[in-house]
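Spelled out, the chains give:
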Amino acid sequence: MKLYGSIEAGGTKFVCAVGDEELTILERVSFPTTTPEETMAQVIAFFQQYELAAIGIGSFGPIDVHRDSPTYGYITSTPKLAWQNYDFVGTMKQHFPLPLAWTTDVNAAAYGEYVAGAGVGRTSVVYYTIGTGVGGGALQEGRFVEGFSHPEMGHMLVRRHPEDTFAGSCPFHHDCLEGMAAGPALEGRSGTKGQDLAADDPIWAMEAYYIAQCCYNTTLMLAPDVIVLGGGVMKQPQLLPMIRTAFSELLQGYVKTPPLEQYLVAPALADNPGTIGCLALARETALHS
Ligand code: ADP
Ligand code: ZN
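Predicted model only: the values in this text are computed from it and were never measured.

1. A short note on the coordination of the zinc ion (ligand 2)
Right, on to step 1. Surrounding the zinc ion (ligand 2) are the protein donor atoms His155 (ND1), Cys170 (SG), His173 (ND1) and Cys176 (SG), at 2.1 to 2.4 Å.
Right, on to step 2. Seen from the zinc ion (ligand 2), its four donor atoms lie at angles of 103 to 121°, and the figure they make is tetrahedral.
Right, on to step 3. Donor residues for the zinc ion (ligand 2), ordered by position in the chain, follow H-x14-C-x2-H-x2-C. With a gap of 21 residues between them, His155 in the loop between β10 (143-144) and α4 (177-181) and Cys176 in the loop between β10 and α4 connect regions that are remote in the sequence.
Right, on to step 4. Assessed through its relative accessible area of 0%, Cys176 is described here as buried.

2. As for the domain arrangement of the chain
Right, on to step 1. Structurally, the chain comprises domain 1 (4-107 + 271-288) and domain 2 (121-265).
Right, on to step 2. One C-alpha centre belongs to domain 1, the other to domain 2; they are set 26 Å apart.
Right, on to step 3. Across the contact, twelve residues belong to domain 1 and 15 residues belong to domain 2.
Right, on to step 4. Taking both sides of the interface into account, the surface hidden between domain 1 and domain 2 amounts to around 1100 Å²; carbon and sulfur atoms contribute 62%.
Right, on to step 5. At the surface where domain 1 touches domain 2, the tally comes to one salt bridge.
Right, on to step 6. The residue Asp271 makes a salt bridge to Lys235 at a minimum N-O spacing of 3.8 Å.
Right, on to step 7. Put simply, domain 1 and domain 2 have three residue pairs in polar contact (both at pLDDT 80 or more) between them.

3. Notes on the pairing of strand β9 (residues 134-140)
The two faces of the sheet receive side chains in turn, since in a regular strand these alternate between them.
Right, on to step 1. Most of β9 is tucked away: six of the seven residues are buried.
Right, on to step 2. Pairing between strand β8 (residues 124-130) and β9: seven bridges, direction antiparallel. Within β9, the residue paired with Tyr127 across the bridge is Gly137.
Right, on to step 3. Here β8 hands over to β9 after three residues, the two strands then running antiparallel side by side.
Right, on to step 4. With two bridges connecting them, β9 and β10 associate as antiparallel partners. The partner of Gln140 across the bridge, within β10, is Arg143.
Right, on to step 5. Following β9, the chain reverses through two residues before pairing antiparallel with β10; Glu141 in that reversal takes a positive phi of roughly 45°.

4. Description of the environment of Ala116
Right, on to step 1. For Ala116, the position within the fold is in helix α3 (residues 105-116).
Right, on to step 2. Given a relative accessible area of 35%, Ala116 falls into the partly exposed group.
Right, on to step 3. For Ala116 and Thr71, which are 45 residues apart along the polypeptide, the C-alpha to C-alpha distance reads 31 Å.
Right, on to step 4. Not counting residues up to four positions away in its chain, the partners in contact with Ala116 are Leu269 and Ile276.

How each quantity is defined
Residues numbered from 1 in each chain as written. Chains lettered and ligands numbered in written order. Predicted model: local features only at pLDDT ≥ 70, side-chain atom pairs only at ≥ 80, totals over all residues. Heavy atoms only, no water. Donors = N, O, S within 2.8 Å, 3.2 Å for Na, K, Ca; no water. Tetrahedral: all angles 85-135°; square planar, octahedral: opposite > 155°, others 65-115°. Helix = DSSP H or I, 4+ residues; strand = E, 2+ residues; numbered from the N terminus. Buried < 20%, exposed > 50% of the residue type's maximum accessible area, 1.4 Å probe, protein only. Domains from an automatic or database assignment. Contact = heavy atoms within 4.5 Å. Buried area = accessible area lost by both parts, 1.4 Å probe. Salt bridge = Lys/Arg side-chain N within 4 Å of Asp/Glu carboxyl O. Polar contact = N/O pair within 3.5 Å; in protein donor to acceptor, adjacent residues only side chain to side chain. Pairing = 2+ DSSP bridges.

Following this line, the structure appears as structure tokens:
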């Protein structure tokens, strides 16, 4: 039985897992994201217990995904200073001379949903996470949509809700999508964490308005088969129906999308799309090397 490794490298924690060829998760641990030295020592010690065929890495970023770049495999201009210009893939290669897959955390989650979740049987899948930040990844026929770099869809511009006076929490753009709709924006606007706000708080209509704009922009730019909305903020069950309604109001029937219950959906893999995606990317990389 072949074993694969998965690293979901997030800004607050690293989730490492080992899985089999069926993408069943056999073991999973998590380490806080502190310094590269400290966190990576734990990651390396964890995987050294196993004989792996390949490892898939989905990382917070921005990251360098260009194979012919001298800094391929690096985390580049992240606001997390200790990780700026960190040679992630190079460090892993030193300890694990194996095929390594390398992409963004959201691309990995998109891949997980594509191979084993809400995107199964679909050609084109877009995944967003609405959590501490907002990130998006797009897949077209099994390949990530990218060019000079990977997309940064979470920072798209949105139209301000008429009743919203919040300045926005994005350190780069203030009132971009992430600045208006990520978890810290909910808290910055209301003084209360998203998970502690009442389900009927008027703030959710604002939240739905911004995420609906994200879905609107995505629909008109990519016309994917499905848009999967994950991340901590989407754990509010009332939010998805509100997003569908706001999306319809914005779109005004201009294009005919698939039925919204099948088009704007929650992750089918619940909390695991990133881990399953990294395992699947590892399996894929092992196959082609
Ligand atoms: P991360 O983005 O760090 O990987 P999450 O996707 O869990 O982690 O997102 C964390 C953010 O989501 C925090 O800002 C938190 O307040 C918010 N959040 C977590 N759970 C909920 C919930 N049930 N309802 C609304 N917001 C939530
Ligand atoms: Zn931004």
